[in-house]
Amino acid sequence: MSKKPAFIKELSLPIVAAPMFLISGPQLVIECCKNGIVGTFPALNQRTSEGFEEWLIEIKSTLKEFEEQTGKKAAPFGVNLIVHPTNPRLEADVKLCVKHKVPLIITSLGAVSEVVDAIQSYGGLVFHDVIKKRHAEKAAEAGVDGLILVAAGAGGHAGTINPMPLVAEIKKFYHKTILLSGCISTGRDIASALQMGADLAYMGTRFINTIESKATPEYRQMIIDAGASDVVYTAAISGVHANFLGASLKAAGITEEDLKKDRKIDFGKELDTEAKAWKTIWSAGQGSALITDSLPVAKLVSHLKSEFKEAIEEQIKVLENYPK
Ligand SMILES: Cc1cc2nc3c(=O)[nH]c(=O)nc-3n(C[C@H](O)[C@H](O)[C@H](O)COP(=O)(O)O)c2cc1C
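Here is what the cut-offs are and how they apply
Residues numbered from 1 in each chain as written. Predicted model: local features only at pLDDT ≥ 70, side-chain atom pairs only at ≥ 80, totals over all residues. Heavy atoms only, no water. Near = heavy atom within 4 Å. Polar contact = N/O pair within 3.5 Å; in protein donor to acceptor, adjacent residues only side chain to side chain. Areas by Shrake-Rupley, 256 points an atom, 1.4 Å probe, with all protein chains shown as cover. Helix = DSSP H or I, 4+ residues; strand = E, 2+ residues; numbered from the N terminus. Nonpolar A, V, L, I, M, F, W, Y, C, P; charged D, E, K, R; others polar. Disulfide = S-S within 2.5 Å. Buried < 20%, exposed > 50% of the residue type's maximum accessible area, 1.4 Å probe, protein only. Pairing = 2+ DSSP bridges. Axes fitted to C-alpha atoms, helices over the stretch in contact; angles between N-to-C directions. Contact = heavy atoms within 4.5 Å. Phe/Tyr/Trp six-rings, centres within 6.5 Å; stacked < 30°, edge-to-face > 60°. Expected span 1.5 Å × (residues − 1). Parallel < 35°, antiparallel > 145°, perpendicular 65-115°, else oblique. Left-handed = near helix turned anticlockwise from the far one by under 90°. 1 Å grid on protein atoms, 1.4 Å probe; cavity = no way out; pocket = protein on both sides within 12 Å on 5 of 7 lines; lining within 4 Å. Points joined across faces, edges and corners; volume = space filled by probe spheres on them.

Some remarks on the site of the ligand
Every one of the 22 residues lining the ligand counts as a neighbour, but Pro19, Phe21, Asn80, Cys183 and Thr205 are closest to it. The separation between a nitrogen atom of the ligand and a polar main-chain atom of Phe21 is 2.8 Å. Interatomic distance of 2.5 Å between a side-chain N/O atom of Thr205 and an oxygen atom of the ligand. For the ligand, the protein covers 94% of the area, taking 600 Å² as the surface of the free molecule. Elements with a contribution of two residues or more to the shell around the ligand: β8 (200-203) and α9 (205-208). Tallied by class, residues from the shell around the ligand come to 12 nonpolar, 9 polar and 1 charged.

Comments concerning the state of the cysteines
Per the stated rule, a full pass over the model turns up 0 disulfides. Free cysteine: Cys97, not disulfide-bonded; nearest cysteine sulfur from Cys33 at 14 Å. Cys183 forms no disulfide, and the closest cysteine sulfur to it belongs to Cys32, at a distance of 19 Å. Take Cys183: its relative accessible area is 27%, and that puts it in the partly exposed class.

Describing the sheet that holds strand β6 (residues 146-150)
The strand order β1-β2-β3-β4-β5-β6-β7-β8 describes a closed barrel built from 8 strands, whose pairing is parallel. Sheet twist, expressed as the average angle between the axes of neighbouring strands with direction ignored, equals 25°. Here strand β2 (residues 38-42) runs beside strand β3 (residues 77-82); their pairing, made up of 4 bridges, is parallel. Note that in β3 the partner of Gly39 across the bridge is Phe77. Helix α2 (residues 26-34) contacts β1 (15-17), β2 and β3 of the sheet and is inclined by roughly 165° relative to β2. Along the sheet, helix α4 (residues 90-99) contacts β3 and β4 (104-108); its crossing angle with β3, the most-contacted strand, is approximately 165°.

Brief notes about the packing of aromatic side chains
When we look at a pair of aromatic rings, we describe it by the centre distance and by the angle of the planes. For the structure on display, the rule yields 5 aromatic pairs. Seen in terms of ring centroids, Phe21 and Trp278 are 6.0 Å apart; in terms of plane orientation they differ by 80°. Their pairing is edge-to-face. Taken together, the residues Phe21 in the loop between β1 and α2 and Trp278 in helix α13 (residues 271-280) connect sequence positions 257 residues apart. Using a relative accessible area of 11% as the deciding quantity, one classes Trp278 as buried.

Some thoughts on the environment of Asp258
Topologically, Asp258 is positioned in helix α12 (residues 256-259). A relative accessible area of 24% means that Asp258 is categorised as partly exposed. Sequence separation between Asp258 and Thr40 is 218 residues, and the spatial gap between their C-alpha atoms is 32 Å. Residues in contact with Asp258, not counting those within four places in the same chain, are Ala236 and Gly253. Polar contacts involving the side chain of Asp258 include one to the main-chain amide nitrogen of Thr255, which spans 2.9 Å.

Section: helix α3 (residues 49-70)
With 22 residues, α3 extends 32 Å from end C-alpha to end C-alpha; this agrees with the ideal 32 Å at 1.5 Å per step. Considering only its buried residues, α3 is in contact with α2, β2, β3 and α4. Gly71 lies just past α3 and shows a positive phi near 75°.

Details of the packing of α3 against α4
Orientation of α3 relative to α4, taken along the N-to-C sense of each, is 20°, at an axis distance of 10 Å. If you check the angle between α3 and α4, you find them roughly parallel. Along this stretch, α3 crosses α4, giving a crossing that reads as right-handed. Residues Ser49, Phe52, Glu53 and Leu56 of α3 form the contact with α4, whose participating residues are Ala92, Asp93, Leu96, Cys97 and Lys99. Of the residues contributing to the contact of α3 with α4, the split by class is 5 nonpolar, 1 polar and 3 charged.

So, the layout of surface pockets
By volume, the second largest pocket is sized at about 380 Å³. For the second largest pocket, the lining is made up of 19 residues, of which Glu67, Lys73, Ala74, Ala75 and Pro76 are closest to its centre. Those elements that place two or more of their residues in the lining of the second largest pocket are α1 (7-10) and α3. The leading source of residues in the lining of the second largest pocket is α3, at 4 residues.

Printed below as a string of structure tokens:
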């Protein structure tokens, strides 16, 4: 029996628009799903579990209406849950995901079998994000359906490992769904992720620069202006290493000394502080270097499809010359 979920082959492109704190909400998720790619958002983008449920209802009902009106199938949507002892909302939010049968749950920080069992009980899938082999082994033990491998240069809480060994090392022992995350900005990058052995590309920063994201025009412009080396990797803002736009650190008066400090994150006491920090200090990945515009999701998906097809067709031609 195939260990890969059936929905992958039904997508218009093998991508998941990754959940992003303060950036992804119902509008972005709905547009992604209507255009045949997985849309996701962090539950914590709503300040309360009640607000979170309202978003679930809005997304589900809008996609149902879309399917009834067009006869097309919307892609599944997903919710990101922070599985950390300091997240006071975890239990309530899991219950809401079960109640509304959220198709895909993305867990971060902790892979816990109780959460996995609760989601799988109604046929939901759990993908867990990791930055190294040891975390992948633990998540595999907890029974997750897929692993999101967050490589060096990714937006948000990034890893430090190059994507090639990261995918290869984890594929040696993990045979379910693999998603590659980090600096995937173009259709060619999606093709490369598949070449490396991923089943799906997981794209964050590229989707900040869509009309449907909650990012301000200034944030999107800073991404357009940034090169790969303008992205700074630091634990000083969030307590976990993450990538931020250097220009936004500078604008907020953060010094080199500040960047050397480590803090501990507490999702209960500090969510508001964290939100304040991420509102002025903007996270993005090194893939910013390839982002030159801000456009509607429908247009972005259409561009990505053409670039993806062109890249694969070029690769097929390589076979005419190699191997000799
Ligand atoms: C602004 C921003 C906020 C993010 N917030 C979250 C989050 O709340 N939860 C999460 O699991 N990942 C979060 N991420 C990470 C993304 O889900 C994804 O792993 C990453 O963006 C992929 O790398 P890329 O940005 O280079 O495409 C965030 C990323 C960015 C850029």
